[in-house]
Amino acid sequence: MGVSHISNRSEKQSERWSRRGVLTVLGVVPAAVLTGCSGSAGAAESSSSGGSSATASVKAPKVPTVTVLPADGTKKAAFTTPVTVTVADGTLSTVKVTGNDGSTLAGTFNDAKTTWTSTKNPYSGTKYTVAAQAQGAAAKTATFTTKAPGETFVGYFTPEANSTSGVGMPVSINFTHAVKDRAAVQKAITVTAEPAVEVVGHWFSDTRLDFRPETYWAAGTKITLSLRLKDIEGQDGIYGVQSKDVTFDIGREQISTVDLSSKEMVVKRDGKTLATYPVSGGNAQHTTWAGIMVISERFKQTRMESSTVGLGDEYDISDVPHAQRLTTSGTFVHGNYWASTSVFGSENTSHGCVGLHDAKGANDSSVAGYKFYDSSMLGDVVIVKNSGDKTVAADNGLNGWNLSWANWKAGSAV
């Protein structure tokens, strides 16, 4: 019985230890499993960490970024600086800048093709669209509008577009505002001739610029005046507005020489004598200017008043026939119906003009005044000599031919 009892306890104890052992083993297994999982997780982290490091070492390519100046959407952009397009992290392939007036701005790339700069500034008061393409990126489009200038100036030119003039006609430009930067304005104006000849500008004042060749234009010359004054700053804050080309032609050559000693005018056409007329010039108190003069205005009939030339009320003739202006100060070559026919060719009796016999009403084609007027055109040359007066000032009318070529060129700003 005792043995059985002991045996029974032993079996139970063995059973208990067996269970505890099992539990112990079971307890160890989860620990081992956890340890195994912990080790496996650590390995995974190490692997993952190693993978991130590898990915970071191979950087993703950067996308090119294009920048336009003036910036997209600018409403009052400056028109005094060029347009620029730049790219970061890339190179530019094409750039096109188009204005709403149909104009385009040409430009150049730098050596690296990372910057494009327009060769000229944009025009004022114009909306522009910029289309830029960088390699490997989507096209960039930007728009901006330049501001309008404040004060502006224009140049009124002689002769008129599409006109035909005599060989003495200069290209004369009168500006509506005084020009401070003469070089900038003169560079924006070119006068070219066919057949080609050197043409030089000469400033008579801050508001007048004339162009001429060394000698008279050749008969049949075609002349082009190119005005590129738009946005040229003539003086602080005052900009030009013109951008145009005009042409005019030179007709036949007619040069008339008035000798007030012999009181005779000889008219030559293309080098040959066309006519000879008796004339009357300025008297001793009112001598006629000497020198080379150019016909600048023509009137079949016009009124002449002495008060307009500083001579009080000495005369007022409402219907002077066939009057052709030679100076701004009031010298004309014109018909005269009120003087005796015996005066012409024998006496100088005028107040400074050159007179030819004419008829009242300006319709008698048989008289000298009519004939000379009929044979003349704007730009014809009239040379006066032996008048007893000094040479007319070069800026008194279109009379720059009285300056030597050296003196003429000295008046250029470029």
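See above for the structure.
Our subject in this report is the structure included herewith.

On a plain count of helices and strands, the chain comes out with four helices and 28 strands. Across the 414 residues that make up the chain, the buried fraction comes to 39%. In the chain, of all internal contacts separated by at least 6 residues, the share reaching a separation of at least 24 is 62%. Carbon and sulfur atoms make up 52% of the accessible area of the chain, which amounts to about 21400 Å² in all.

Secondary-structure assignment places Arg-298 in strand β24 (residues 297–305). Taking the C-alpha atoms as reference points, Arg-298 and Ala-323, separated by 25 residues in sequence, lie 5.9 Å from one another. Discounting residues that sit within four places of it in the chain, Arg-298 has contacts with Ala-323, Gln-324, Tyr-373, Asp-374, Ser-376, Met-377 and Leu-378. A polar atom in the side chain of Arg-298 sits 2.8 Å from the side chain of Gln-324.

A few words on the pattern of salt bridges. Per the stated rule, a full pass over the model turns up 10 salt bridges. The shortest N-O distance in the salt bridge between Arg-182 and Asp-206 comes to 2.5 Å. Of the two residues, Arg-182 sits in helix α2 (residues 182–187) while Asp-206 sits in the loop between β14 (200–205) and β15 (208–212), which places them 24 residues apart along the sequence. Accessibility expressed as a relative area gives 28% for Arg-182, which makes it partly exposed. Of the residues examined, Asp-206 reaches a relative accessible area of 36% and is grouped as partly exposed. For Glu-198, the salt bridge goes to Lys-409, with nearest N and O atoms at 3.7 Å. Taken together, the residues Glu-198 in the loop between β13 (189–194) and β14 and Lys-409 in helix α4 (residues 405–410) connect sequence positions 211 residues apart. In the salt-bridge network here, residues are joined through shared partners; they are Arg-303, Glu-305 and Asp-316.

A word on the sheet that holds strand β27 (residues 354–357). A sheet is described by the order of its strands in space; here four strands give the open sequence β24-β25-β26-β27, paired in mixed fashion. Single-partner strands in this sheet number two, and they are β24 and β27. Within this sheet the neighbouring strands show an average axis-to-axis angle of 40°, counted without direction. Sheet analysis places β24 next to strand β25 (residues 316–325), joined by seven bridges and oriented antiparallel.

Our next topic: the nonpolar core. Ranked by size, the top nonpolar core spans 31 residues in total, and within it Phe-175 and Ile-189 carry the most contacts. At the level of secondary structure, the elements contributing two or more residues to this core comprise β12 (171–175), β13, β15, β16 (222–228), β19 (243–250) and β23 (291–294). Setting aside residues up to four positions removed in sequence, Ile-189 forms contacts with Ile-173, Phe-175, Leu-209, Phe-211, Leu-225, Ser-226, Leu-227 and Leu-229.

Right, let's talk about the pairing of β15 for a bit. Burial analysis of β15 places five of its five residues in the buried class, the great majority of the element. Across the two faces of β15 the burial is the same, with Arg-208, Asp-210 and Arg-212 and Leu-209 and Phe-211 all buried. Both β14 and β15 contribute to a ladder of five bridges, which runs antiparallel. Paired with Gly-201 across the bridge in β15 is Phe-211. Following β14, the chain reverses through two residues before pairing antiparallel with β15.

Turning our eyes to something else, we now look at the environment of Ser-296. Relative to the elements of secondary structure, Ser-296 occurs in the loop between β23 and β24. The exposure class assigned to Ser-296 is partly exposed, which follows from its relative accessible area of 22%. Separated by 32 residues in the primary sequence, Ser-296 and Thr-328 have C-alpha atoms spaced 8.8 Å apart.

So, about the side chain of Ser-376. Among the structural elements, Ser-376 can be located in the loop between α3 (368–375) and β28 (381–385). Within the local environment of Ser-376, its side chain forms a polar contact with the backbone oxygen of Phe-372, the two atoms lying 2.7 Å apart. In this structure Ser-376 touches Arg-252, Gln-254, Ile-295, Arg-298 and Gln-324, once residues within four positions along its chain are discounted.

Moving on, we get to unusual backbone geometry. With an omega of 5°, the peptide bond between Leu-69 and Pro-70 qualifies as cis. Residue position: Pro-70 is located in the loop between β1 (65–69) and β2 (84–88). Cis geometry is found at the peptide bond from Thr-158 to Pro-159, where omega equals 0°. Locating Pro-159 in the fold gives a position in the loop between β10 (155–158) and β11 (164–165). Positive phi, close to 60°, is recorded for Asp-89, a residue that is not glycine. Inspection of the secondary structure assignment puts Asp-89 in the loop between β2 and β3 (92–99). Residue class for Asp-89 comes out partly exposed when judged on its relative accessible area of 46%. With a phi angle near 55°, Asn-386 is a residue other than glycine that sits in the positive phi range. Its location among the elements puts Asn-386 in the loop between β28 and α4.

So, how was this worked out
- Residues numbered from 1 in each chain as written.
- Predicted model: local features only at pLDDT ≥ 70, side-chain atom pairs only at ≥ 80, totals over all residues.
- Heavy atoms only, no water.
- Helix = DSSP H or I, 4+ residues; strand = E, 2+ residues; numbered from the N terminus.
- Buried < 20%, exposed > 50% of the residue type's maximum accessible area, 1.4 Å probe, protein only.
- Contact = heavy atoms within 4.5 Å.
- Areas by Shrake-Rupley, 256 points an atom, 1.4 Å probe, with all protein chains shown as cover.
- Polar contact = N/O pair within 3.5 Å; in protein donor to acceptor, adjacent residues only side chain to side chain.
- Salt bridge = Lys/Arg side-chain N within 4 Å of Asp/Glu carboxyl O.
- Pairing = 2+ DSSP bridges.
- Axes fitted to C-alpha atoms, helices over the stretch in contact; angles between N-to-C directions.
- Core = buried A, V, L, I, M, F, W, Y, C linked by side-chain atoms within 4.5 Å.

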